[in-house]
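Reading the structure
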Amino acid sequence: MALYPCVQCDEECVDCTIQCSCCDRWVHSACVPMDDALLLAWSDVSLKFLCKDCCFTDNKYDMAKALESCVLAVLLYGAECWRMTEKDINKLSSFHNGCLRKILRIFWPRKITNKDLHETTGSNNMETLLKQKRWRWIGHVLRRPAEDLTRVALRWTPEGKRKKGRPKTTWRRTVEAEMKEHGISWGVIEKKAQNRDEWKELVLALCAPGHNKD
């Protein structure tokens, strides 16, 4: 294994090399086409060289925010009412994490854990995003009049008997499982929903990253 591998070709850097002023790694001068804007970045003040990975370091947070506001806003439109299964969450998480890896330009064989990925970009994982949307919407519905159809439907139970077999994952079962995990009831959340400040604190507690899978 090379002691000082080239960022571009992974071969040993001996001579005719340039050092990145950000990550201190080396690049063969032959591996740096001077006309390639993605491989070279020059600071207006120091005129220091940045390798291809560090070119995007300064704006990674802006790109992650753009992903959240432009892409995820469309992808998760109406997600507060979705019946989410483990398979659905895994598919959405795979897409989300893939986008963040492209923003950071982390490709094979380089590796990064999902936890480090979200910490680096300052973003939440997909499960947290879904829970935030769901509980914020629940608070909005619980602040509506008691006779409002959306509030009535929130706890409505259909008549009749379900089919034999394992109960399917439903939106209501998902919500009640999260409530049970934190030891709260419908009466508690109905009361807290009337006070926006208390509801925000409750949502933060329910959607804390430590309670979610990464």
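Quick look at the structure, then. Just so it is clear, the model here is predicted, and its values are computed rather than measured.

**Quick look at the overall build of the chain**
Along the backbone of the chain there are 8 helices and 2 strands. For the chain, the N- to C-terminal ordering of α and β elements is β-β-α-α-α-α-α-α-α-α. Counting the 214 residues in the chain, one finds 32% classified as buried.

**A look at the packing of aromatic side chains**
Inspection of every chain in the model, using the stated rule, returns 2 aromatic pairs. Aromatic side chains W135 and W199 sit 6.2 Å apart centroid to centroid with 50° between the ring planes, which places their arrangement in the tilted category. With W135 in helix α4 (residues 126-142) and W199 in helix α8 (residues 196-206), this residue pair connects regions lying 64 residues apart in the sequence. With a relative accessible area of 4%, W199 lands in the buried category. When the centroid spacing of 5.9 Å and the interplanar angle of 85° are considered together, the rings of W137 and W171 count as edge-to-face. In this pair, W137 is assigned in helix α4 and W171 in helix α6 (residues 171-182), connecting sequence segments 34 residues apart.

**Points about the pattern of salt bridges**
If you walk through the whole model with that rule in mind, you get 5 salt bridges. R172 is paired through a salt bridge with E176; the nearest N and O atoms lie 2.9 Å apart. Taken together, the positions of R172 and E176, both in helix α6 and 4 residues apart, correspond to about one turn of that helix.

**A short note on the packing of helix α2 (residues 86-104) against α4**
Interhelical geometry of α2 versus α4 gives an angle of 115° and a closest axis separation of 9 Å. Judged by residue contacts, I89, L92, S93 and H96 of α2 engage M126, L129 and L130 from α4. Tallied by class, residues from the contact of α2 with α4 come to 5 nonpolar, 2 polar and no charged.

**Points about α4**
Residues spaced three or four apart along an α-helix point in a common direction, a consequence of the helix completing one turn every 3.6 residues. Taking 1.5 Å per residue, 17 residues should reach 24 Å; α4 reaches 25 Å between its end C-alpha atoms and fits that length. Counting buried positions over the 17 residues of α4 gives 12, a clear majority of the element.

**Brief notes about a nonpolar patch on the surface**
Together, V71, L75 and F95 give the surface a local cluster of nonpolar side chains, amounting to about 210 Å² of exposed area. With respect to the helices, strands and loops of the structure, L75 is situated in helix α1 (residues 60-75). Among the residues examined, L75 registers a relative accessible area of 30% and is labelled partly exposed.

**Brief notes about the side chain of E80**
Among the secondary structure elements, E80 is positioned in the loop between α1 and α2. In this structure E80 touches K133, R134, W137 and W171, once residues within four positions along its chain are discounted.

**Digging into the packing of α4 against helix α7 (residues 186-193)**
α7 packs onto α4 with a crossing angle of 75° between their chain directions and a minimal axis gap of 9 Å. The angle between α4 and α7 places the two elements in the roughly perpendicular class. Residue-level inspection shows W135, G139 and L142 of α4 in contact with α7, the latter providing I189, E190 and A193. In terms of residue class, the contact of α4 with α7 is built from 4 nonpolar, 1 polar and 1 charged.

**Let's talk about α8**
Residues of α8 that are buried: W199, L202, V203 and L206. Each buried residue of α8 sits inside an arc of 100° when the element is viewed along its axis, so together they form one side. Opposite the buried face of α8, at more than 90 degrees from it, the exposed residues are D197, K200, E201 and L204. Lining the buried residues of α8 we find α4, α6 and α7. Its side-chain oxygen 3.0 Å from the backbone nitrogen of D197, N195 forms the N-cap of α8.

What counts and how
Residues numbered from 1 in each chain as written. Predicted model: local features only at pLDDT ≥ 70, side-chain atom pairs only at ≥ 80, totals over all residues. Heavy atoms only, no water. Helix = DSSP H or I, 4+ residues; strand = E, 2+ residues; numbered from the N terminus. Buried < 20%, exposed > 50% of the residue type's maximum accessible area, 1.4 Å probe, protein only. Phe/Tyr/Trp six-rings, centres within 6.5 Å; stacked < 30°, edge-to-face > 60°. Salt bridge = Lys/Arg side-chain N within 4 Å of Asp/Glu carboxyl O. Axes fitted to C-alpha atoms, helices over the stretch in contact; angles between N-to-C directions. Contact = heavy atoms within 4.5 Å. Nonpolar A, V, L, I, M, F, W, Y, C, P; charged D, E, K, R; others polar. Expected span 1.5 Å × (residues − 1). Patch = residues over 30% accessible without salt bridge, like charges linked within 9 Å, V, L, I, M, F, W, Y side chains within 5 Å. Areas by Shrake-Rupley, 256 points an atom, 1.4 Å probe, with all protein chains shown as cover. Parallel < 35°, antiparallel > 145°, perpendicular 65-115°, else oblique. Arc of directions from axis to C-beta. Polar contact = N/O pair within 3.5 Å; in protein donor to acceptor, adjacent residues only side chain to side chain.

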